[in-house]
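Each chain, letter by letter, is given below.
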Amino acid sequence: MYRFFFRIFYLLIFVSMFSCEENPIIVQNKNLPLSLDTLSFNVTKTINYKVEPAFGNLDTLFFGEYEGFKFHYSLISFDTLSEDSDHSYNLYKDSLIVDSAEISLKSFSDTLISNQKFNLRYFPNFSDSVFKESEANFKNFTNYSLSSIISSSSMMVDSSDTTVMLKFVINAANIGKITGLSIDNFNLSFIVETSDEIEGSLKFHSSETISGYYPRMKVFYKNSENDTINFQKSFRSYDDITIIEQPAMEQSDTANITLGYAKGLKSLVYVDFDDFRLPDRGILKKAELILNNVDIDSNSTFTIDSYPIESAGDYDVFNEFNDDPYGVDFTLMTTSNTINGELKINHRSTLREISKGSRINHGFKVESSPVNNIFKSTSFHNLNSKDLFPVMRVIYAIP
């Protein structure tokens, strides 16, 4: 009995060893129910392109400079419904007198930089909403018309929980200007800016944070002009984004397959499958797009997202777009990490559809995941490399 199990054990090792071979192989044995085949498909086209990056889905609002990026402005819009009820700001405003308000941002760090000053402005010529997270960027930021400064703040410690924060106090006169007299010019959108240059970068929680430390506006009410404050409500942010000025493009940004979230650099990779069809009853095990880093750092990993694109790609020239023109099927998204300078992206599900004729092969989009340091970029060898050019390796089993 034990001898039988040892035979099975070594047989499995034998199959595993052959499945890792790089050259095309056929593993056949009268005791095996399946044979394995390995194929390599050429990557015939690659191209980089640039898109204005989406910063609105990040959990962080940035201020300062980092790696050539500059961020001195963050846009914030607050919900019109209070946090603990379904009552709107205007409902309270119609029945009570607004005395003042406070807008707070919580820092990721517990380091207090007391000499750094921040200013708060609003948008007097716009009704709510002023901006959209998915559209606001450095290129169209100058289209916004800003008010004068309505409040300033330095970093301070929140006495309620000892976190480091910014707190902007808005008096009644300015609150009246912001919200107007009717819903037609209602506006709870603001801009927070740095008043001085910041060495390094500061990070604050955005509306996307899961910590509960999202930007918050606290409004104080009273019953009459001569009354003391007797009522307050909090309103959380629902849209916010940092306006990030990118550094100038470098030659290395287009020379290789270069990916960078904050730079908006993405790549298209086309694999020539040469009318590949999976044999009857064949089982697709792997379809790995293999890329190799230009600069190998074994201590560094980079997470890459990839998807098949839904339309024909322009593989001829580097392009810049405001919006990404290449739609994808997110259900076929795959995510992989670089290991010792090598990236293997398994597009098994996509190749299965292509081999069945249910999907047209337009190529794959490859981009940096937002889980990386968004200001870092990574480069992979393209087709000009002599030995480390990209390739797709496919392993499938046949009964």
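So, how was this worked out
Residues numbered from 1 in each chain as written. Predicted model: local features only at pLDDT ≥ 70, side-chain atom pairs only at ≥ 80, totals over all residues. Heavy atoms only, no water. Helix = DSSP H or I, 4+ residues; strand = E, 2+ residues; numbered from the N terminus. Buried < 20%, exposed > 50% of the residue type's maximum accessible area, 1.4 Å probe, protein only. Areas by Shrake-Rupley, 256 points an atom, 1.4 Å probe, with all protein chains shown as cover. Core = buried A, V, L, I, M, F, W, Y, C linked by side-chain atoms within 4.5 Å. Arc of directions from axis to C-beta. Contact = heavy atoms within 4.5 Å. Polar contact = N/O pair within 3.5 Å; in protein donor to acceptor, adjacent residues only side chain to side chain. Phe/Tyr/Trp six-rings, centres within 6.5 Å; stacked < 30°, edge-to-face > 60°. Lys NZ or Arg CZ within 6 Å of the ring centre and 35° of its normal. 1 Å grid on protein atoms, 1.4 Å probe; cavity = no way out; pocket = protein on both sides within 12 Å on 5 of 7 lines; lining within 4 Å. Points joined across faces, edges and corners; volume = space filled by probe spheres on them. Nonpolar A, V, L, I, M, F, W, Y, C, P; charged D, E, K, R; others polar. Pairing = 2+ DSSP bridges. Salt bridge = Lys/Arg side-chain N within 4 Å of Asp/Glu carboxyl O. pLDDT = per-residue confidence, 0-100.

**Notes on the overall build of the protein chain**
No. 1: Looking only at helices and strands, the protein chain features five helices and 22 strands.
No. 2: Within the protein chain, the fraction of its 399 residues that count as buried is 47%.
No. 3: In the form shown here, the protein chain has an accessible surface area of approximately 20,500 Å², with 48% of it arising from carbon and sulfur atoms.

**Considerations on the nonpolar core**
No. 1: Ranked by size, the top nonpolar core spans 30 residues in total, and within it Ile 103, Leu 105, Phe 118, Ile 170 and Phe 190 carry the most contacts.
No. 2: Residues Ile 257, Phe 276, Leu 291 and Phe 364 belong to the second largest nonpolar core, which totals 25 residues.

**A short note on helix H5 (residues 348-356)**
No. 1: Those residues of H5 that sit buried are Thr 350, Leu 351, Ile 354 and Ser 355. The buried residues of H5 occupy an angular sector of 130 degrees when the element is viewed end-on, so they sit on one face.
No. 2: Here the buried face of H5 lies against strand E15 (283-292), strand E16 (303-308), strand E20 (364-368) and strand E22 (391-398).
No. 3: Looking one or two residues past H5, Gly 357 carries a phi angle of roughly 85 degrees, positive in sign.

**Let's talk about the environment of Thr 46**
No. 1: Here Thr 46 lies in strand E1 (residues 35-51).
No. 2: The sequence separation of Thr 46 and Leu 383 amounts to 337 residues, and the corresponding C-alpha distance is 7.4 Å.
No. 3: Sequence-distant contacts of Thr 46, that is, excluding residues within four places in its chain, are made with Ile 257, Leu 268, Val 269, Tyr 315, Asn 382, Leu 383 and Pro 390.

**Let's talk about the side chain of Thr 60**
No. 1: Residue placement: Thr 60 occurs in strand E2 (residues 60-66).
No. 2: A polar contact of 2.8 Å, which involves the side chain of Thr 60, links it to the side chain of Asp 59.
No. 3: Setting aside residues no more than four positions away along its own chain, Thr 60 makes contact with Phe 108, Lys 203, Phe 204, Ser 206 and Thr 242.

**A look at the packing of aromatic side chains**
No. 1: Under the criterion given, the structure shown has 18 aromatic pairs.
No. 2: A centroid spacing of 5.1 Å and a plane angle of 80 degrees characterise the contact between Phe 62 and Phe 375, whose relative ring orientation is edge-to-face. Taken as a pair, Phe 62 in strand E2 and Phe 375 in the loop between E20 and strand E21 (377-380) lie far apart in primary sequence, 313 residues in all. For the pair formed by Phe 62 and Phe 375, the shared burial category is buried.
No. 3: With a centroid separation of 5.8 Å and 80 degrees between ring planes, the pair formed by Phe 63 and Phe 204 is classed as edge-to-face. Remark: Phe 204 occurs in strand E10 (residues 201-205) and Phe 63 occurs in strand E2; sequence separation between them is 141 residues. The residues Phe 63 and Phe 204 share a single accessibility class, namely buried.
No. 4: Through pairs of rings, three or more aromatic residues link up here, namely Phe 62, Tyr 66, Phe 69, Phe 71 and Phe 375.
No. 5: Above the ring of Phe 108, the side-chain terminus of Lys 203 is found at 5.8 Å from the ring centroid.

**So, empty space enclosed by the protein**
No. 1: This structure, assessed with the given rule, holds one cavity of 30 Å³ or more.
No. 2: Empty space within the largest cavity amounts to approximately 40 Å³.
No. 3: As for the largest cavity, its lining consists of Glu 52, Pro 53, Phe 55, Asn 137, Phe 138, Thr 242, Ile 243 and Ile 244.
No. 4: Split into classes, the residues belonging to the lining of the largest cavity amount to five nonpolar, two polar and one charged.

**Points about the pairing of E21**
No. 1: Only one face of E21 is covered, namely the one carrying Thr 378 and Phe 380; the face carrying Ser 377 and Ser 379 has none of its residues buried.
No. 2: Both strand E13 (residues 257-260) and E21 contribute to a ladder of four bridges, which runs antiparallel. Note that in E21 the partner of Gly 260 across the bridge is Ser 377.

**Observations concerning the pattern of salt bridges**
No. 1: Tallied over the full model, the rule gives 16 salt bridges.
No. 2: Ionic pairing is found between Arg 359 and Glu 310, a salt bridge with its closest N-O pair at 2.6 Å. Highlighted residues: Arg 359 in the loop between H5 and E20 and Glu 310 in the loop between E16 and strand E17 (319-321), separated in sequence by 49 residues.
No. 3: The class of Arg 359 is buried, set by a relative accessible area of 13%.
No. 4: In this structure Glu 310 comes out as partly exposed when scored by relative accessible area, which is 40%.
No. 5: One connected set of salt bridges, linked through shared partners, spans Lys 266, Asp 324, Lys 365 and Glu 367.

**Concerning unusual backbone geometry**
No. 1: Residues other than glycine seldom take positive phi values, yet Glu 67 does so here, at roughly 50 degrees.
No. 2: Exposure remark for Glu 67: the relative accessible area of 47% places this residue in the partly exposed category.
No. 3: With a phi angle near 50 degrees, Asp 274 is a residue other than glycine that sits in the positive phi range.
No. 4: By the secondary structure assignment, Asp 274 is in the loop between strand E14 (265-271) and E15.

**Re the confidence of the model for the protein chain**
No. 1: Chain-level pLDDT for the protein chain is 83 on average; 84% of the residues reach the 70-or-more range.
No. 2: Under a pLDDT of 50 for its full length, residues 181-185 has, in the predicted model, six contacts with residues more than four places off or in other chains.

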